[in-house]
Amino acid sequence: MTRIAVIGGGRIGEALIAGLLESGHAVRDLVVAEKFESRAAELASTYGILTTSISEASENADVIVLAVKPGDAESVVTEIAKTDLDGEREQLIVSLIAGVPTAKFEPKLPAGFPVIRVMPNTPMLVGEGVSVLAPGRYAKAEHLELVRTILSSVGKVVTVKENQLDAVTAVSGSGPAYFFLVAEAMVDAGVGLGLSRDVASALVVQTMVGSAAMLDRSDETPTELRYAVTSPGGTTAAAVRELESNGLRAAFFHALSAAKDRSTEMGITAE
Ligand SMILES: NC(=O)c1ccc[n+]([C@@H]2O[C@H](COP(=O)([O-])OP(=O)(O)OC[C@H]3O[C@@H](n4cnc5c(N)ncnc54)[C@H](O)[C@@H]3O)[C@@H](O)[C@H]2O)c1
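About the cut-offs
Residues numbered from 1 in each chain as written. Predicted model: local features only at pLDDT ≥ 70, side-chain atom pairs only at ≥ 80, totals over all residues. Heavy atoms only, no water. UniProt positions renumbered as here; feature names shortened; annotations may be inferred. Phe/Tyr/Trp six-rings, centres within 6.5 Å; stacked < 30°, edge-to-face > 60°. Helix = DSSP H or I, 4+ residues; strand = E, 2+ residues; numbered from the N terminus. Buried < 20%, exposed > 50% of the residue type's maximum accessible area, 1.4 Å probe, protein only. 1 Å grid on protein atoms, 1.4 Å probe; cavity = no way out; pocket = protein on both sides within 12 Å on 5 of 7 lines; lining within 4 Å. Points joined across faces, edges and corners; volume = space filled by probe spheres on them. Nonpolar A, V, L, I, M, F, W, Y, C, P; charged D, E, K, R; others polar. Pairing = 2+ DSSP bridges.

The name given to the protein chain in an unreviewed UniProt entry is Pyrroline-5-carboxylate reductase, with Rhodococcoides kyotonense as the source organism. A UniProt comment under Function (unreviewed entry) is attached to the protein chain, and it reads "Catalyzes the reduction of 1-pyrroline-5-carboxylate (PCA) to L-proline." Turning to the protein chain, the UniProt record has this under Sequence similarities (unreviewed entry): "Belongs to the pyrroline-5-carboxylate reductase family."

Quick look at the structure:
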């Protein structure tokens, strides 16, 4: 099986590790390099995963996954480049780092070393992620196929041109946070209407799960599904009127534009 080294055992590194193990990836083919000892120990005890240094992890892996913050990207790639990378074994780097273009990594690596940039999201923890792939200059079709195979075990996989990844980050990378925020706001509103927090939470969570399943399984658009809930002159129409007059659509447009701009900015400042 493909040996995978995860550099950075934070939230997304852990989501990937947990999702891969859950989907049947062998723990002996996974390794994590995590800077903080206590965090490394936590990952080792939770998942039984081997924790090691960046150099050892990189030397022995087929796929080296970068899951550190943009500000740590350069030092981590420099450290990887110093190790004995194996050209014969066709190793490759997969960067999950938001904003940072593959062109920033490629000159720091041995000539022609393949890099694929990926924007995942945290639902891969439960096998329901979406990972958006963009090949760097030296990544070949077989590299892309390998990464597609690995990530399809933890959710859906989409491929785009790298210049679309900042927009992708705004939509699906950050996306789970928007739904969690909406859930939070709806629970609070339910409590405001007199429901207990437990009841309000249970209703909101199942309504989200059910709506997501309908979106996934139905051929109808979100608009058509919404119309089916909206009786003329009824309760939903009253609620939607309030959401629209409070600028819901504009708020999402501005929010996603801000996320995209921030992703671009993080790529520029991650030196
Ligand atoms: N969290 C998300 O939803 C999400 C989604 C998509 C992409 N990303 C991207 O993934 C990356 C990590 O995000 P996160 O939320 O997991 O952050 P995080 O801070 O939770 O995790 C980063 C981890 O990297 C470790 N680290 C830093 N330098 C290191 C080094 N030199 N060697 C080993 N480990 C080192 C840190 O100790 C930390 O545990 C970011 O670049 C982010 O843009 C995150």
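(A) Spotlight on the packing of aromatic side chains. Scanning the entire structure with this criterion turns up one aromatic pair. Taken together, a centroid distance of 6.3 Å and an interplanar angle of 75° make the contact between Y178 and F252 edge-to-face. Remark: F252 occurs in helix α12 (residues 248-269) and Y178 occurs in helix α8 (residues 175-192); sequence separation between them is 74 residues. In this structure F252 comes out as partly exposed when scored by relative accessible area, which is 36%.

(B) View of empty space enclosed by the protein. Scanning all chains against the criterion turns up two cavities of 30 Å³ or more. In this structure, the largest cavity spans a volume of roughly 60 Å³. In terms of lining residues, the largest cavity is bounded by I4, L16, L20, V63, V65, V94, V147, I150 and L151. Of the residues forming the lining of the largest cavity, the biggest block, three residues, is contributed by helix α6 (residues 141-152). Class assignment for the residues of the lining of the largest cavity results in nine nonpolar, no polar and no charged.

(C) The arrangement of the sheet that holds strand β6 (residues 115-119) in detail. Pairing in this open sheet of eight strands is mixed, and the strands run β3-β2-β1-β4-β5-β6-β7-β8 from one edge to the other. Each of the sheet's edge strands pairs with one partner strand only, and the pair in question is β3 (50-51) and β8 (155-159). Taken together, the three bridges between strand β5 (residues 92-95) and β6 define a ladder with parallel strand orientation. Each bridged residue has a counterpart across the sheet, and for I93 the counterpart in β6 is V115.

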